There are 2 protein chains.
Amino acid sequence: MRTTTVGYYLSANIRTILSTGRTTLLTHGASSQADKLPMQQNTDEVEVKAWIKSIRAHKNVAFIELNDGSSAESLQGVLKGGGKAEGMTNGTSVKLRGRLQQSKGQGQDVELVVDEAMVLGVCDSELYPIQKKALPAALLRENAHLRFRTTQTAAIMRIRDALARDWHDWFEEHNFIHIHTPILTGSDCEGVGEVFTIHDHPPPSNPTAPEPFFPHPTHLTVSSQLHLEAPTLALSRTYTLSPSFRAEPSMTSRHLSEFYMLEAELAWEESLDGLLNIVEGGIRDVVQKASGQCWRSKRMREDLAIVAKCHLDAEEHKSLAIEQTRNLQSHFYQISTKPFTRLTYTSALQLLASLHHSSPTSVSAPPKWGEGISTEHEKLLAQHFNGPVFVTRYPKSLKPFYMLPTPSEITLQETHSPEGETVECFDLLFPAWGEMAGGSLREHRLPNLLHTINRLGMKKENYDWYLDLRKYGSVPHGGWGMGWERWVGWVTGLNNIRDVVAFPRWKGHCKY
Amino acid sequence: MRTTTVGYYLSANIRTILSTGRTTLLTHGASSQADKLPMQQNTDEVEVKAWIKSIRAHKNVAFIELNDGSSAESLQGVLKGGGKAEGMTNGTSVKLRGRLQQSKGQGQDVELVVDEAMVLGVCDSELYPIQKKALPAALLRENAHLRFRTTQTAAIMRIRDALARDWHDWFEEHNFIHIHTPILTGSDCEGVGEVFTIHDHPPPSNPTAPEPFFPHPTHLTVSSQLHLEAPTLALSRTYTLSPSFRAEPSMTSRHLSEFYMLEAELAWEESLDGLLNIVEGGIRDVVQKASGQCWRSKRMREDLAIVAKCHLDAEEHKSLAIEQTRNLQSHFYQISTKPFTRLTYTSALQLLASLHHSSPTSVSAPPKWGEGISTEHEKLLAQHFNGPVFVTRYPKSLKPFYMLPTPSEITLQETHSPEGETVECFDLLFPAWGEMAGGSLREHRLPNLLHTINRLGMKKENYDWYLDLRKYGSVPHGGWGMGWERWVGWVTGLNNIRDVVAFPRWKGHCKY
């Protein structure tokens with residue numbers, strides 16, 4: 001008996017035909033685990049529908065690479081006799097009938113010997129933007145609607161899907177309830193000014209404009225955190241994977257105007273270390289899932305190998321890609337074995353100072369206490385510890401209003417300065433990447449939160465509902481968030497997050 | 001040995017303490033299946049953190065109902081001795097230490113005899129909007145941030161979470177890849193005029209306004225379908241559960257300005273019946289999952305019973321609620337056993353005409369051919385067949401540009417009129433509900449699609465990317481969409497979909 005691995009959907013098509021005589025062999029159920037196709041004869045007729053990824057036409061025979069996107073693996077089709085491959089080019093969609101037989105060629109177990117071929121959709125090879133050769137990432141981004149047809153983007157989309165499922169599973173196993181937090185909002189989580197506002201509110205200059213759709217100015221959410229705290233103070237553990245928006249003109253490879261955030265909140269958490277344990281546990285468990293033996297994990301590893309191989313060609317991703325290819329295993333291994341380093345902001349500055357002192361040419365001077373840590377220094381810290389690093393207890397002045405202050409006796413002991421107030425927060429830094437996640441304990445005491453809101457000159461009336469959460473049955477709680485594209489980018493080794501999202505939007509770019 | 005079922009998170013807290021001496025019994029792993037808490041002694045000290053759902057204080061003893069939102073089940077706490085319950089009211093959060101013991105009261109196996117009690121967050125019972133009594137749905141909507149604390153809304157949120165997981169599992173089992181389709185877009189799926197536009201495009205009247213963030217007018221998506229077709233023509237099967245928006249001033253119980261849509265597309269599908277098989281199979285499988293024996297399904301059934309019991313009190317949901325309570329089993333049974341009825345629009349009109357003829361007082365006159373079917377008639381059709389009904393092949397003039405026309409020989413045969421052009425589409429109608437889903441085969445032939453776009457006077461340049469999908473390797477395909485809140489509403493029997501979403505937004509309402 002010969003067996004072969006083909007894309008599931010391809011194999012499902014094949015199964016439809018084979019099932020007439022082969023039901024007992026082939027009805028694994030409609031399960032994705034059924035990735036092995038048993039073959040007993042090479043005379044059964046099968047039907048395959050797929051796109052042509054490449055074609056080699058000789059005088060009396062043509063070889064076509066068939067793929068339907070269900071996995072990275074392709075099936076080779078063999079068309080014997082002259083002229084059979086007419087109208088077939090890279091990108092053409094075809095319906096084929098034939099027989100599967102043991103392949104004489106390298107790289108596959110079986111091939112499809114085609115008896116009957118029908119072109120479903122032609123593809124003009126002169127005009128088709130998706131050529132077989134490696135294409136610049138920028139060109140592909142301008143053709144986002146066709147980019148899915150590249151081996152690389154198809155693999156990235158499957159990886160993104162698998163990663164989300166792994167996280168959803170982890171959250172369910174740990175009793176977090178997924179909440180669809182709102183996109184339209186009047187609240188402003190971070191005090192960020194750069195939000196997309198909704199057009200339906202008439203400008204003050206034109207009081208005769210039609211009645212606005214909503215009575216208050218409305219914009220697109222910049223973070224689900226504040227909204228997520230409300231169900232958390234009823235359900236204990238909640239999370240969301242949902243869109244956020246920033247109207248920042250930032251053009252870096254790590255910023256998008258529309259992106260997904262994975263955000264979680266948990267009630268009853270009183271210690272920062274307790275929160276870090278949850279975050280670290282989640283990341284480690286999800287990375288370990290990726291080395292599992294289920295269909296999802298196996299397909300993901302195949303797809304990761306594809307991505308690593310492909311993006312070597314793209315200049316923009318080069319340095320990280322090489323790193324990634326060499327270390328595809330150690331990339332994960334680093335995360336899944338040793339505990340993440342934990343150090344305070346104050347200690348991180350001391351460490352940076354000593355690194356600078358030893359090597360002033362390669363390490364720039366550390367920030368002064370109270371200033372932010374640069375991306376360069378963040379990467380250096382993670383590199384120094386050769387693994388993920390939690391930097392905790394940043395200066396209060398650097399962080400949003402809702403974070404819980406560190407008890408002053410602890411701050412004093414750590415900073416040796418009565419001025420240096422810090423908050424119970426963390427940034428999680430990854431080697432060769434920088435910031436991956438961030439979170440904090442939240443100020444759950446009503447008087448203290450009110451005091452901060454007044455001190456910062458924020459409008460209390462905008463936060464009445466948020467204050468209510470502290471007014472009625474408040475509990476210590478905390479949470480964390482991770483840019484979803486950053487996670488997918490890190491896992492795939494793709495430095496530019498525009499390449500891990502289906503239709504990227506950034507300043508000046510919202511085609512389609 | 002006594003066992004009891006308590007909320008997972010409650011039991012997790014209990015486990016933490018018990019584990020010192022009881023690890024072998026209690027370490028089921030961090031699995032949600034661990035809903036049974038084995039007890040061997042009633043002398044172990046446990047710690048419980050929860051909110052008080054109700055309190056009955058007597059002279060020398062107080063009984064408190066404790067819940068942490070991880071399931072609908074509460075734990076009874078017993079505080080012996082006078083004054084122990086000081087500061088405790090409905091809504092207070094507490095940390096308790098005590099011993100679990102066999103309960104003498106009714107309604108629970110065990111109770112917590114409290115040795116030490118600490119109030120974490122007080123709750124002023126005079127001011128607290130969430131009173132123990134049944135509250136009007138409208139009042140709860142105005143307190144959406146606190147509404148999660150009602151037994152009913154907490155149950156709805158857990159049901160919504162479980163339903164999404166069941167659908168995600170089904171799609172994975174059937175090899176659909178989840179895609180995060182964009183929210184910001186320049187494309188307009190349905191030709192709907194009522195969209196929320198983004199404020200960053202300067203009005204034509206003010207050409208000196210700062211440079212817009214995006215070069216083209218941008219709005220919030222009304223449907224992910226067009227975008228989903230792009231990856232489908234590369235990955236074969238895709239779907240999304242993501243937000244959509246309509247700036248419609250509709251105030252009905254079935255419309256929101258921000259809502260989630262479950263939308264799926266599949267390539268290689270050439271027949272409408274094939275598409276209906278997929279839709280019907282998905283709905284039936286997911287409904288059958290709900291009767292499963294896993295923790296998720298068991299908890300969902302408990303929560304459904306809670307919702308059915310609670311919403312009898314709310315006037316707005318009354319008629320459907322009674323129906324639902326009586327038929328909680330048959331509600332699902334109807335769906336999961338017999339095949340869904342399939343009939344064409346033309347046949348549906350004939351049936352309505354004959355029903356009207358037999359009973360002109362109770363059934364209003366059917367629409368003329370070419371007119372839409374009213375909600376009243378939709379419900380009647382589903383009621384007539386006592387189960388879900390696919391109404392297929394609507395007049396072309398009623399449906400969007402992208403739907404595949406029915407071959408003319410079929411239309412002629414069905415409508416007996418050469419004028420009556422129809423499209424390969426369906427609406428799925430549910431008893432006591434009306435429209436649940438809709439879908440169609442898509443026009444995949446470039447010249448035909450171009451012809452329609454021109455005929456309707458649409459701007460071709462806005463659809464260039466969509467046309468590209470047909471230009472290069474096009475394949476027959478189709479898809480369907482379901483309003484997620486409608487699905488959750490139908491499952492829970494909640495007629496007003498504002499009550500199945502965390503923070504509902506509709507005309508005039510976008511607090512928070």
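This is a predicted model, so every value here is computed, not measured.

S.K.: I keep staring at the overall build of chain A and nothing clicks. Help me out?
M.R.: Each helix and strand counted, chain A has 15 helices and 17 strands in total. By residue count, 60% of the 512 residues in chain A fall in the buried class. Across chain A, the fraction of contacts at a sequence separation of at least 24, relative to all contacts at a separation of at least 6, is 71%. As displayed, chain A has an accessible area near 20,000 Å², and 52% of this comes from carbon and sulfur atoms.

S.K.: Looking at this structure, I do not really get the packing of helix H13 (residues 446-455) of chain A against helix H14 (residues 464-471) of chain A. What am I missing?
M.R.: Packed helices, taken two at a time, are described by the angle between their axes plus the distance between the axes. All names here are of chain A. The geometry of H13 relative to H14 is characterised by a closest axis approach of 9 Å and an angle of 155° between their N-to-C directions. In terms of axis orientation, H13 runs roughly antiparallel to H14. Residues Leu446, Leu449, Leu450 and Ile453 of H13 form the contact with H14, whose participating residues are Tyr466, Leu467, Arg470 and Lys471. Tallied by class, residues from the contact of H13 with H14 come to six nonpolar, no polar and two charged.

S.K.: Please explain the sheet that holds strand S15 (residues 425-430) of chain A as it appears in this structure.
M.R.: Residue and element names in this part refer to chain A. Taken in spatial order, the eight strands line up as S8-S11-S12-S17-S16-S15-S14-S13 in an open sheet, and their pairing is mixed. Unpaired on one side and paired on the other, strand S8 (177-178) and strand S13 (341-344) mark the two borders of the sheet. Bridge count for S13 against strand S14 (residues 389-392) is four bridges, and the pairing is parallel. The residue bridging threonine 344 from the neighbouring strand is threonine 392, located in S14. Strands in contact with helix H15 (residues 484-492) are strand S11 (237-245), strand S12 (258-267), S15, strand S16 (434-442) and strand S17 (477-483); relative to S17, the strand with the most contacts, it is inclined by about 55°.

S.K.: Sorry, what's going on with the interface of chain B and chain A here?
M.R.: Opposite the 109 residues of chain B that make contact, chain A presents 109 residues. Here glutamate 172 of chain A ties to arginine 165 of chain B by a salt bridge, and the two come within 3.9 Å at their closest N and O atoms. Here chain B is connected to chain A by 44 residue pairs in polar contact (both at pLDDT 80 or more). Broken down by class, the residue content of the side of chain B that touches chain A amounts to 55 nonpolar, 30 polar and 24 charged.

S.K.: Is there a simple way to explain the pattern of salt bridges in this structure?
M.R.: Throughout the structure, instances matching the rule amount to 52 salt bridges over all chains. For the salt bridge of glutamate 47 of chain B with arginine 97 of chain B, the shortest nitrogen-to-oxygen distance reads 3.3 Å. Of this pair, glutamate 47 of chain B sits in strand S3 (residues 45-57) while arginine 97 of chain B sits in strand S6 (residues 93-102), placing them 50 residues apart in sequence. Beyond isolated ion pairs, a larger network of salt bridges with shared partners links Asp161, Arg165, Asp166, Asp169, Arg296 and Arg299 of chain A together with Glu172 of chain B.

S.K.: Even after reading the chapter, I still don't get the domain arrangement of chain A, so can you show me in this structure?
M.R.: Much of the literature gives interface size as the accessible area that the parts lose upon coming together. Residue and element names in this part refer to chain A. What the domain assignment reports for chain A is domain 1 (43-128) and domain 2 (147-202 + 213-499). Between domain 1 and domain 2, the C-alpha centre-to-centre distance is 45 Å. At the interface, seven residues of domain 1 touch nine residues of domain 2. Taking both partners together, domain 1 and domain 2 bury about 610 Å²; carbon and sulfur atoms supply 43% of that area. At the boundary of domain 1 with domain 2, the tally comes to zero salt bridges. For the pair domain 1 and domain 2, the interface holds two residue pairs in polar contact (both at pLDDT 80 or more).

S.K.: What is the right way to read the environment of threonine 89 of chain B from this model?
M.R.: Residues and elements named next belong to chain B. Of note, threonine 89 is situated in the loop between strand S5 (75-80) and S6. Taking the C-alpha atoms as reference points, threonine 89 and glutamate 172, separated by 83 residues in sequence, lie 46 Å from one another. Apart from the residues within four sequence positions on either side, threonine 89 is in contact with Ile52, Ile55, Cys123 and Ser125.

S.K.: Can you help me understand the packing of aromatic side chains in this one?
M.R.: We describe a pair of aromatic rings using the distance from one ring centre to the other and the angle between the two ring planes. Residue and element names in this part refer to chain A. A complete count under the given rule lists 54 aromatic pairs over all chains for this structure. A ring pair is formed by phenylalanine 213 and phenylalanine 214, whose centres lie 4.9 Å apart and whose planes are at 85°; its orientation type is edge-to-face. With centroids separated by 5.9 Å and ring planes inclined at 70°, the aromatic side chains of phenylalanine 401 and tyrosine 466 adopt a geometry described as edge-to-face. Of this pair, phenylalanine 401 sits in the loop between S14 and helix H12 (408-415) while tyrosine 466 sits in helix H14, and the two are 65 residues apart along the sequence. The exposure classification of phenylalanine 401 matches that of tyrosine 466, with both residues buried.

S.K.: How should the pairing of strand S11 (residues 237-245) of chain B be read in this particular structure?
M.R.: The side chains of a regular strand alternate between both faces of the sheet. All names here are of chain B. Across the nine residues that make up S11, a large majority, nine, are buried. Pairing of strand S8 (residues 177-178) with S11 involves two bridges; the strand directions are parallel. For isoleucine 177, the partnering residue across the bridge sits in S11 and is threonine 238. In terms of strand pairing, S11 meets strand S12 (residues 258-267) through nine bridges, oriented antiparallel. Bridge assignment links serine 242 to a residue of S12, and that residue is methionine 261.

S.K.: Would you mind going over the sheet that holds strand S15 (residues 425-430) of chain B with me for this structure?
M.R.: Either a parallel or an antiparallel arrangement is found when strands of a sheet pair, and the pairing is made through backbone hydrogen bonds. Residues and elements named next belong to chain B. If you trace the eight strands from one edge of the open sheet to the other, you get S8-S11-S12-S17-S16-S15-S14-S13, paired in mixed fashion. Lying at the two open borders of the sheet, with one neighbouring strand each, are S8 and strand S13 (341-344). Relative to the sheet, helix H5 (residues 225-235) contacts S8, S11, S12, strand S16 (434-442) and strand S17 (477-483), its axis offset from that of S12 by approximately 30°.

S.K.: Sorry if this is basic, but what is going on with the pairing of S17 of chain A here?
M.R.: Residue and element names in this part refer to chain A. Most of S17 sits out of view: seven of its seven residues are buried. Taking every second residue as pointing to the same face, both faces of S17 are buried, with His477, Gly479, Gly481 and Gly483 on one and Gly478, Trp480 and Met482 on the other. Bridging between S12 and S17 involves seven bridges; their strand directions are antiparallel. Of the residues in S17, the one forming a bridge with glutamate 263 is glycine 481. Note: S16 against S17, six bridges, orientation antiparallel.

S.K.: Looking at this structure, I do not really get the relation of the copies chain B and chain A. What am I missing?
M.R.: The second copy of the chain is related to the first by a rotation about an axis and a shift along the axis. Each copy of the sequence occupies a distinct position, and chain B is placed on chain A by a rotation of 180° and an axial shift of 0.0 Å, giving an RMSD of 0.0 Å. On this basis, the relationship between the two copies can be described by a two-fold rotation axis. Looking at the interface residues of chain B, 100% of them are also at the interface in chain A, so both copies use one shared face.

S.K.: For this particular structure, what's the right way to read the side chain of histidine 477 of chain A?
M.R.: Residue and element names in this part refer to chain A. For histidine 477, the location among the structural elements is in strand S17. On the basis of relative accessibility, which here comes to 1%, the residue histidine 477 falls in the buried class. In terms of polar contacts, histidine 477 uses its side chain to reach the backbone carbonyl oxygen of valine 475, at 2.9 Å. Apart from the residues lying within four places of it in its own chain, the contact partners of histidine 477 are Glu229, Leu233, Glu265, Leu266, Ala267, Trp268, Glu269, Leu441, Arg442, His444 and Arg470.

S.K.: Explanation requested: the packing of helix H5 (residues 225-235) of chain A against H14 of chain A in the structure shown.
M.R.: Residue and element names in this part refer to chain A. At a closest axis distance of 10 Å, the pairing of H5 and H14 adopts a crossing angle of 30°. On the basis of the axis angle, H5 is roughly parallel to H14. Taken as a pair, H5 and H14 cross one another with a handedness that is left-handed. Across the interface between the two elements, Gln225, Leu226, His227, Glu229, Ala230 and Leu233 of H5 pack against Trp465, Tyr466, Leu469 and Arg470 of H14.

S.K.: Would you explain unusual backbone geometry in this entry?
M.R.: Negative phi values dominate among residues other than glycine, just as trans dominates among peptide bonds. The backbone phi angle of alanine 432 of chain A is positive, close to 60°, even though this residue is not glycine. Residue position: alanine 432 of chain A is located in the loop between S15 and S16. Residue classification places alanine 432 of chain A among the partly exposed residues on the basis of a relative accessible area of 39%. The backbone of asparagine 175 of chain B sits at a positive phi, close to 60°, despite the residue not being glycine. By secondary structure assignment, the location of asparagine 175 of chain B is in the loop between helix H4 (151-173) and S8. Asparagine 175 of chain B gets classed as buried once you look at its relative accessible area, which sits at 6%.

Basis of the calculations
Residues numbered from 1 in each chain as written. Chains lettered and ligands numbered in written order. Predicted model: local features only at pLDDT ≥ 70, side-chain atom pairs only at ≥ 80, totals over all residues. Heavy atoms only, no water. Helix = DSSP H or I, 4+ residues; strand = E, 2+ residues; numbered from the N terminus. Buried < 20%, exposed > 50% of the residue type's maximum accessible area, 1.4 Å probe, protein only. Contact = heavy atoms within 4.5 Å. Areas by Shrake-Rupley, 256 points an atom, 1.4 Å probe, with all protein chains shown as cover. Axes fitted to C-alpha atoms, helices over the stretch in contact; angles between N-to-C directions. Parallel < 35°, antiparallel > 145°, perpendicular 65-115°, else oblique. Nonpolar A, V, L, I, M, F, W, Y, C, P; charged D, E, K, R; others polar. Pairing = 2+ DSSP bridges. Salt bridge = Lys/Arg side-chain N within 4 Å of Asp/Glu carboxyl O. Polar contact = N/O pair within 3.5 Å; in protein donor to acceptor, adjacent residues only side chain to side chain. Domains from an automatic or database assignment. Buried area = accessible area lost by both parts, 1.4 Å probe. Phe/Tyr/Trp six-rings, centres within 6.5 Å; stacked < 30°, edge-to-face > 60°. Least-squares fit on C-alpha atoms with pLDDT ≥ 70 in both. Left-handed = near helix turned anticlockwise from the far one by under 90°.

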